[in-house]
Protein chains: 4
Amino acid sequence: MEVLHMFGSEEQKKKWLEPLLRGEIRSCFCMTEPGVPSSDEANMECILHRDEEDYVINSTKWWCSGAGNPKCKVAVVMCRMNLFLRHGQHSMILVPMETPGVKLIRPLTVFGQDDAIHGGHFEVHFENVRVPASNIILGEGRGFEIAQRRLGPGRLHHSMRAVGLAEHALELLCQRAASRQTFGKKLHQHEVVAHWIAESRLMIEQTRLLTLYAAHSLDTLGSRAARKQVAMIKVAAARMSCKVVDIAIQYSYARTLRIADGPDEVHLSSIASLELKDQLRKSQAKL
Amino acid sequence: MEVLHMFGSEEQKKKWLEPLLRGEIRSCFCMTEPGVPSSDEANMECILHRDEEDYVINSTKWWCSGAGNPKCKVAVVMCRMNLFLRHGQHSMILVPMETPGVKLIRPLTVFGQDDAIHGGHFEVHFENVRVPASNIILGEGRGFEIAQRRLGPGRLHHSMRAVGLAEHALELLCQRAASRQTFGKKLHQHEVVAHWIAESRLMIEQTRLLTLYAAHSLDTLGSRAARKQVAMIKVAAARMSCKVVDIAIQYSYARTLRIADGPDEVHLSSIASLELKDQLRKSQAKL
Amino acid sequence: MEVLHMFGSEEQKKKWLEPLLRGEIRSCFCMTEPGVPSSDEANMECILHRDEEDYVINSTKWWCSGAGNPKCKVAVVMCRMNLFLRHGQHSMILVPMETPGVKLIRPLTVFGQDDAIHGGHFEVHFENVRVPASNIILGEGRGFEIAQRRLGPGRLHHSMRAVGLAEHALELLCQRAASRQTFGKKLHQHEVVAHWIAESRLMIEQTRLLTLYAAHSLDTLGSRAARKQVAMIKVAAARMSCKVVDIAIQYSYARTLRIADGPDEVHLSSIASLELKDQLRKSQAKL
Amino acid sequence: MEVLHMFGSEEQKKKWLEPLLRGEIRSCFCMTEPGVPSSDEANMECILHRDEEDYVINSTKWWCSGAGNPKCKVAVVMCRMNLFLRHGQHSMILVPMETPGVKLIRPLTVFGQDDAIHGGHFEVHFENVRVPASNIILGEGRGFEIAQRRLGPGRLHHSMRAVGLAEHALELLCQRAASRQTFGKKLHQHEVVAHWIAESRLMIEQTRLLTLYAAHSLDTLGSRAARKQVAMIKVAAARMSCKVVDIAIQYSYARTLRIADGPDEVHLSSIASLELKDQLRKSQAKL
């Protein structure tokens, strides 16, 4: 939606953005390709060529989030016109899902889950898919520019969700720690668990403030000047939310290996007490 | 099997251990209980009472691994005779799965997976389950002792599997890094990826040697003297395998958040280059 | 100065605060005691007793920063009136340095440095030191309260200095990385060094924002409501500045062990290349 | 000594190795140069040229450990004959300290300490220093080869010392934790301190085993085959000893910032208790 809102023509907005905003239809975004590392956009292999009044697309895309949703009616597809030039030549084009040649191959799973409720993450093939030239967004060769300008806000959203997720995990951790009991005291009365709570709050707070700062920079300085801040929250938010959830899970769910057969914390306590005994024995032997 | 091999009576061995060793049947182990933190065994609530020539068991257990396997014919159940005494009073008893009152409630999932192929991890209820007194292992009140003496070897197996898992992950990471290309060079030619490989080998090697050392201590000094070594590998192996798999996954699978929208490494490179520019501009301004 | 400004009587302010503000004299703060862990204030052993119109102080203090400065004319001393009550009974009292019984024993060193330029960190003994009753600050038994209310701003200052220190270290790191060359390229062109720069900026930025947030909370909500924020920056700033300086030092100074005999980064690169060769050999052997 | 023992001629051994082994004299090793990053040996700028029966050396070296010891009678100097070839052309040569042109410029300090007791780390200049051709070790152009073959054992020694240092730090930590009391219990009864002890033992044990393994590889497979193991301990031992000493110092010495104004652990406990209160208040507000 953001792409159409920022870069769509009047006609494109009327046809796709309006029903999207009304919630009548959904869209999906087709960028990543199997076989090539897509963090380097120069690797992209989706071929777009002009054929009179049409464009023809040939490509294999995957991780197209939401493509399996029955309400998904249109794909935004990132293509290239010339594979020999390393940069430029990227274009973004609108492809209605019912266009002949668009094939939903299979849903992919993320760590074993298919996110069916959101429409999954699909492998989608485009075989000689033909769309009118007016479907191109902003113009030929401007795909990379669109992607860049759209990424700032998108990354902010990722970070905001990651902060929210971590806040929720910390809330669950605190509730668990206040209600459950081991070795004669509540979990939160175990210093190690208390320090987890403190470390989680510290990480969340730092990332929350950095996200607000990046959002402020984006609003006041624009996406180019805010690049450093945006890249920082991309890294910080993902990392922080993984750590906080990892801490919270220690007592909220069963996580194999670190939990099975006694949580690591019990083992660390037992190593410590055995080590202390060994050391004291040694220091007495010296007398 | 280990429990029966080490502590079973001749009759118990004949009836259960032999078909287990022949692979004709499977067993499951019922220890963890819902509602109580089972890393503190004093929390256990499974009640065993003597009724003339029988024992009667009432309990709710879960995370009984393998209980859903059709070949699973017998459960080893950890119970207590007296909930008022904090220690002791734990007993281990053999319960044939077809005994009236044994109910498989539902398979539980571990991070969304049910491990159906191994027989899953089940919630199992025991309602007035009656077994002959001879089913007790080693004797009343000796359950905790059995658990302790059995844990050393069990934890070694966990660590060995964790080392193997990490070795496999590193192998996949190396193959990927040697074959895939971004920004004009192979992944392994990116220093950051090369250092991941080095860090993984370092962690695996240290844990592998510690596991061998613990195994050697267990064999030569016995399980009591090897407690510190065993506790150390329990912690080290779980932690190491999580880290190595986490590193390997960076390029082997898609992991959301840290991967989506460009892997963190690309963002770190971009933060660095922007920071350098800012710093150099600042230092020139000083002149 | 902060203590006198916030809690001093008119007479105390006139006598000590004014020359302090004019820079004519300096003060020192005597709190920590040898032999007892002073992070728990209940451990404090400095005895204050009332003797008609005077107070008499007996104590051994150390880490009295600035006590050796020739301009240091007055000490603020934390004492207790009653060692049997765990809390309360703490009082803060002004002791002119030339009072009989005040003895500067020796300067202590911090990691081998004596900070002589600031007046060092001294061990100071108080033997039957007698001062008029009007020297007590705010009143008997209010020492703990003064300490608490003064700590918020003090911790903010620590954090601000830590952020400044880290900024300076990053600046030096960037200059070094832009000017020095190894293995055919500038240091900053080595990905691993570039990522250090990025990680440093990320840590500094998060701590800087948290410090600003704590300062804002302190100003708008008061020191009691801001306790959590203040405790967070105390932890975050110390930890962050240690990490950033540690990174920066890698190429700015010689640090033994991690530097001597080739920096760790060179060794990690060599482990990685050997590991890759081993893995590739293994995977070819499988064919 | 190792260099002479492995690569010295009979004459060199007789003249220098024998008095070294008898402890009558000391030697120093001159490799690192100011201005160039010496982890890349291609940067070295010490010039050696042949002049009939002599070699003439011109160079500025620093971090020459032990050069200031009054018993230091000979330097082993790493030079190059040709600065235009990137590799090879390195030679090692023996230079008696009293040779005209050898100048001890100044002792350097490592983190503020000059290690005077061991002879310090000196900047040494060589100005047209002339020695007989027979002083070259092993032959022209073989300096790099000598350095490589000598490094394995040298790195083992570093690791062994690092393990010993960490063992000593852990011993001190245990003694302190068993004797000192805060908040109503011994330090080791604080779970967080207990876990430090456990983590330290874990790190030491893993590094100790890896060091033994590297030593075994070096003895049985030779220095070339053991390169990976040797590089691993170089990294692991430095890192481990820094961490263990850092943990141990928390309560053994005063370390500014993380200690001053209350150790971080006290602050983490206070953040945790405030966070818990906030969370519980929030969850009650929801009812």
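To be clear, the structure that these remarks concern was listed above.
Since the structure is predicted, the reported quantities are computational estimates derived from the model, not experimental observations.

1. Side note on the overall build of chain A
And then number 1: Across its full length, chain A holds six helices and nine strands.
And then number 2: Of all 287 residues assigned to chain A, the portion counted as buried reaches 52%.
And then number 3: Taking all contacts inside chain A whose residues are at least 6 apart in sequence as the whole, residues at least 24 apart take part in 67%.
And then number 4: Within the structure as shown, chain A displays about 13000 Å² of accessible surface, and the carbon and sulfur contribution to it stands at 55%.

2. Here's the deal with the interface of chain B and chain D
And then number 1: Taken together, the 15 residues of chain B in the interface contact 15 residues of chain D.
And then number 2: At the boundary of chain B with chain D, total buried surface from both sides reaches about 1400 Å², with 64% on carbon and sulfur atoms.
And then number 3: Summed over the three residues of chain B that lose the most area to chain D, namely Leu202, Gln206 and Leu209 of chain B, the buried surface amounts to 38% of that side.
And then number 4: Inspection of the chain B/chain D interface yields two salt bridges.
And then number 5: Taken together, the connections running from chain B to chain D amount to three residue pairs in polar contact (both at pLDDT 80 or more).
And then number 6: For the side of chain B that touches chain D, the elements supplying multiple residues, two or more each, are helix 4 (191-221) and helix 5 (227-252) of chain B.
And then number 7: Considering every element that reaches the side of chain B that touches chain D, the biggest residue donor is helix 4 of chain B, with ten residues.

3. With respect to the layout of surface pockets
And then number 1: Estimates place the volume of the second largest pocket at around 360 Å³.
And then number 2: Contributing to the lining of the second largest pocket are 18 residues, with Leu274 and Asp278 of chain A together with Ala225, Lys228 and Gln229 of chain B lying nearest its centre.
And then number 3: Those elements that place two or more of their residues in the lining of the second largest pocket are helix 6 (264-286) of chain A, helix 4 and helix 5 of chain B together with helix 4 (191-221) of chain D.
And then number 4: If you tally residues by element for the lining of the second largest pocket, the top one is helix 6 of chain A, at five residues.
And then number 5: The residue inventory of the lining of the second largest pocket, partitioned by class, reads five nonpolar, two polar and eleven charged.

4. A few points about the relation of the copies chain B and chain D
And then number 1: With an RMSD of 0.1 Å, the operation that places chain B on chain D is a rotation of 180° combined with a shift of 0.0 Å along the axis. Seen this way, the second copy is the image of the first under a two-fold rotation axis. Minimal C-alpha distance to the rotation axis in chain B is attained by glutamine 206 of chain B, lying at 2.6 Å.
And then number 2: Comparing interface residues between copies, 100% of those in chain B also sit at the interface in chain D, which points to an isologous, same-surface contact.

5. Structural notes on helix 4 of chain B
Residue and element names in this part refer to chain B.
And then number 1: Look at helix 4: 44 Å from first C-alpha to last across 31 residues, which is about the 45 Å you get at 1.5 Å a residue.
And then number 2: For helix 4, the buried fraction is high: 22 of the 31 residues fall into the buried class.
And then number 3: Two residues or fewer past helix 4, glycine 222 is found with a positive phi of approximately 90°.

6. Notes on the nonpolar core
Soluble globular proteins tend to pack their nonpolar side chains together in the buried interior.
And then number 1: Counting 148 residues, the largest nonpolar core has Ile197 of chain C together with Ile197 of chain D as the members making the most contacts within it.
And then number 2: Dropping the residues within four chain positions of it, isoleucine 197 of chain D is found in contact with Ala272, Glu275 and Leu276 of chain A together with Leu170, Leu173, Cys174, Ala177 and His188 of chain D.

7. Observations regarding the side chain of threonine 207 of chain B
And then number 1: Turning to its location among the elements, threonine 207 of chain B is positioned in helix 4.
And then number 2: For threonine 207 of chain B, the contacting residues outside a window of four places in its chain are Val163, Ala236, Ala237 and Met240 of chain B together with Gln206 of chain D.

8. Thoughts on the packing of aromatic side chains
And then number 1: Overall, the coordinates contain four aromatic pairs over all chains when judged by the stated rule.
And then number 2: Taking NZ or CZ as reference, arginine 50 of chain B lies 5.0 Å from the ring centre of tyrosine 55 of chain B, over its face.
And then number 3: Between the NZ or CZ atom of arginine 208 of chain D and the centre of the ring of tyrosine 213 of chain B, over which it lies, the distance is 5.5 Å.

9. What about unusual backbone geometry?
And then number 1: Notably, glutamate 52 of chain B is not glycine yet its phi reads approximately 55°, a positive angle.
And then number 2: As for its position among the elements, glutamate 52 of chain B is in the loop between strand 2 (47-51) and strand 3 (54-65).
And then number 3: The exposure class assigned to glutamate 52 of chain B is exposed, which follows from its relative accessible area of 67%.
And then number 4: The phi angle at tryptophan 63 of chain D is positive, at roughly 55°, despite the residue not being glycine.
And then number 5: Within the element layout of this structure, tryptophan 63 of chain D appears in strand 3 (residues 54-65).
And then number 6: Relative accessible area serves as the criterion here: at 24%, tryptophan 63 of chain D is assigned to the partly exposed category.

10. A look at the packing of helix 3 (residues 143-179) of chain C against helix 4 (residues 191-221) of chain C
Residue and element names in this part refer to chain C.
And then number 1: Between helix 3 and helix 4, whose axes approach to 10 Å, the crossing angle comes to 160°. If you check the angle between helix 3 and helix 4, you find them roughly antiparallel. Helix 4 is crossed by helix 3, and the crossing has left-handed handedness. Facing helix 3, whose interface residues are Gly152, Pro153, Leu156, Ser159, Met160, Val163, Ala166, Glu167, Leu170, Leu173, Cys174 and Ala177, helix 4 presents Val193, Ile197, Ser200, Arg201, Ile204, Thr207, Arg208, Thr211, Ala214, Ala215 and Leu218.
And then number 2: Taken together, the residues of the contact of helix 3 with helix 4 sort by class into 15 nonpolar, five polar and three charged.

11. Side note on the pattern of salt bridges
Side-chain pairing between opposite charges can occur once the charged atoms of the two side chains come close.
And then number 1: Counted according to the given criterion, the structure contains 48 salt bridges over all chains.
And then number 2: Here lysine 103 of chain A ties to glutamate 127 of chain A by a salt bridge, and the two come within 3.1 Å at their closest N and O atoms. Of this pair, lysine 103 of chain A sits in strand 6 (residues 102-108) while glutamate 127 of chain A sits in strand 7 (residues 121-132), and the two are 24 residues apart along the sequence.
And then number 3: On the accessibility criterion, glutamate 127 of chain A (39% relative accessible area) is partly exposed.
And then number 4: Ionic pairing is found between arginine 130 of chain B and aspartate 54 of chain B, a salt bridge with its closest N-O pair at 3.2 Å.

12. Looking at the pairing of strand 7 (residues 121-132) of chain B
Each regular strand carries side chains that alternate between the two faces of the sheet.
Residues and elements named next belong to chain B.
And then number 1: As paired elements, strand 3 and strand 7 share nine bridges and run antiparallel to each other. Bridge assignment links tyrosine 55 to a residue of strand 7, and that residue is valine 131.
And then number 2: With six bridges joining them, strand 6 (residues 102-108) and strand 7 adopt antiparallel strand pairing. By the bridge assignment for strand 7, leucine 108 is matched with histidine 121.

13. Remarks on helix 3 (residues 143-179) of chain B
And then number 1: The terminal C-alpha atoms of helix 3 of chain B lie 53 Å apart, and with 37 residues this matches the ideal 54 Å at 1.5 Å per residue to within 8%.
And then number 2: Residue leucine 151 of chain B marks the point of greatest curvature in helix 3 of chain B, where the axis turns by about 35°; the proline proline 153 of chain B follows within four residues.

14. Re the state of the cysteines
Residue and element names in this part refer to chain B.
And then number 1: Tallied over the entire structure, the rule returns zero disulfides over all chains.
And then number 2: Cysteine 79 supplies the cysteine sulfur nearest to cysteine 46, a cysteine that is in no disulfide, at a spacing of 3.5 Å.
And then number 3: Look at cysteine 46 and you get buried, because its relative accessible area is 0%.

15. Remarks on the environment of proline 70 of chain B
Residues and elements named next belong to chain B.
And then number 1: Residue position: proline 70 is located in the loop between strand 3 and strand 4 (72-80).
And then number 2: Looking at proline 70, the relative accessible area reads 69%, which means it is exposed.
And then number 3: Distance from proline 70 to isoleucine 25, taken between C-alpha atoms, is 8.8 Å for residues 45 residues apart in sequence.

16. A word on the packing of helix 4 (residues 191-221) of chain A against helix 4 of chain D
And then number 1: At their nearest, the axes of helix 4 of chain A and helix 4 of chain D sit 7 Å apart, and the two run at 95° to each other. It follows that helix 4 of chain A is roughly perpendicular to helix 4 of chain D by the angle criterion. On helix 4 of chain D, the residues touching Glu191, Val192 and His195 of chain A of helix 4 of chain A are Glu191, Val192 and His195 of chain D.
And then number 2: Broken down by class, the residue content of the contact of helix 4 of chain A with helix 4 of chain D amounts to two nonpolar, two polar and two charged.

Scoring rules and cut-offs
- Per-chain numbering applies: the sequence of each chain, read as written, is numbered from 1 onward.
- By the order in which they are written, chains take letters starting at A while ligands take numbers starting at 1.
- In keeping with the predicted nature of the model, local features appear solely for residues at pLDDT of at least 70, side-chain atom pairs appear and are counted solely at 80 or more, and the whole-chain, interface and lining totals rest on all residues.
- Think of the side-chain values as coming from all heavy atoms in the structure, minus any hydrogens and water.
- The helix count covers DSSP runs of H or I at least four residues long, the strand count covers runs of E at least two residues long, and both are numbered beginning at the N terminus.
- Under the scheme applied here, a residue whose accessible area is under 20% of the maximum for its type counts as buried, over 50% as exposed, and between as partly exposed, the area being computed with a 1.4 Å probe on protein chains only.
- Contacts are residue-level and defined by heavy atoms, with any inter-residue pair within 4.5 Å sufficient.
- All accessible areas in this document rest on Shrake-Rupley with a 1.4 Å probe, and a residue is counted as covered only by the protein chains that are shown.
- Once two parts are joined, some of their accessible surface, as seen by a 1.4 Å probe, is lost; buried area is that loss totalled over both.
- For this analysis, a salt bridge means a side-chain nitrogen from Lys or Arg found within 4 Å of a carboxyl oxygen belonging to Asp or Glu.
- Contacts described as polar in this section are N or O atom pairs within 3.5 Å, which, within protein, must combine one atom able to donate a hydrogen with one able to accept it, while residues neighboring in sequence count only if both atoms come from side chains.
- Lining residues are defined by having an atom within 4 Å of a point belonging to a cavity or pocket. Those points lie on a 1 Å grid over the protein atoms alone, cavities being sets where a 1.4 Å probe fits but cannot get out and pockets being open sets with protein on both sides within 12 Å along at least five of seven lines.
- Grid points are joined across faces, edges and corners, and a volume is the space filled by probe spheres set on the points.
- For this classification, Asp, Glu, Lys and Arg are treated as charged, while Ala, Val, Leu, Ile, Met, Phe, Trp, Tyr, Cys and Pro are nonpolar and the rest, including Gly, are polar.
- Least-squares fitting of one copy onto the other uses the C-alpha atoms of those residues that reach a pLDDT of at least 70 in both copies.
- Given a helix with a known number of residues, its expected span is that number minus one, times 1.5 Å.
- Definition of nonpolar core: a set of buried residues of the types Ala, Val, Leu, Ile, Met, Phe, Trp, Tyr and Cys, connected through side-chain atoms within 4.5 Å.
- Two aromatic rings, drawn from Phe, Tyr or Trp (for Trp, its six-membered ring), form a pair once their centres lie within 6.5 Å of each other, and the interplanar angle then sorts them: stacked below 30 degrees, edge-to-face above 60, tilted otherwise.
- Two thresholds decide whether a charge sits over a ring: the Lys NZ or Arg CZ must be within 6 Å of the ring centre and within 35 degrees of the ring normal.
- Axis lines are fitted through C-alpha atoms, for helices just across the contact stretch, and the angle between N-to-C directions can take any value from 0 to 180 degrees.
- Between 65 and 115 degrees an angle is taken as roughly perpendicular, under 35 as roughly parallel, over 145 as roughly antiparallel, and anywhere else as oblique.
- By convention, the crossing between two helices is left-handed when the near helix turns anticlockwise from the far helix through less than a right angle, and right-handed when the turn is clockwise.
- Paired strands are those between which DSSP finds at least two bridges.
- Bend at a residue means the angle formed by two fitted axes: the first through the 7 residues ending at that position, the second through the 7 residues beginning there.
- Two cysteine sulfur atoms form a disulfide, by the criterion used here, when they sit within 2.5 Å.

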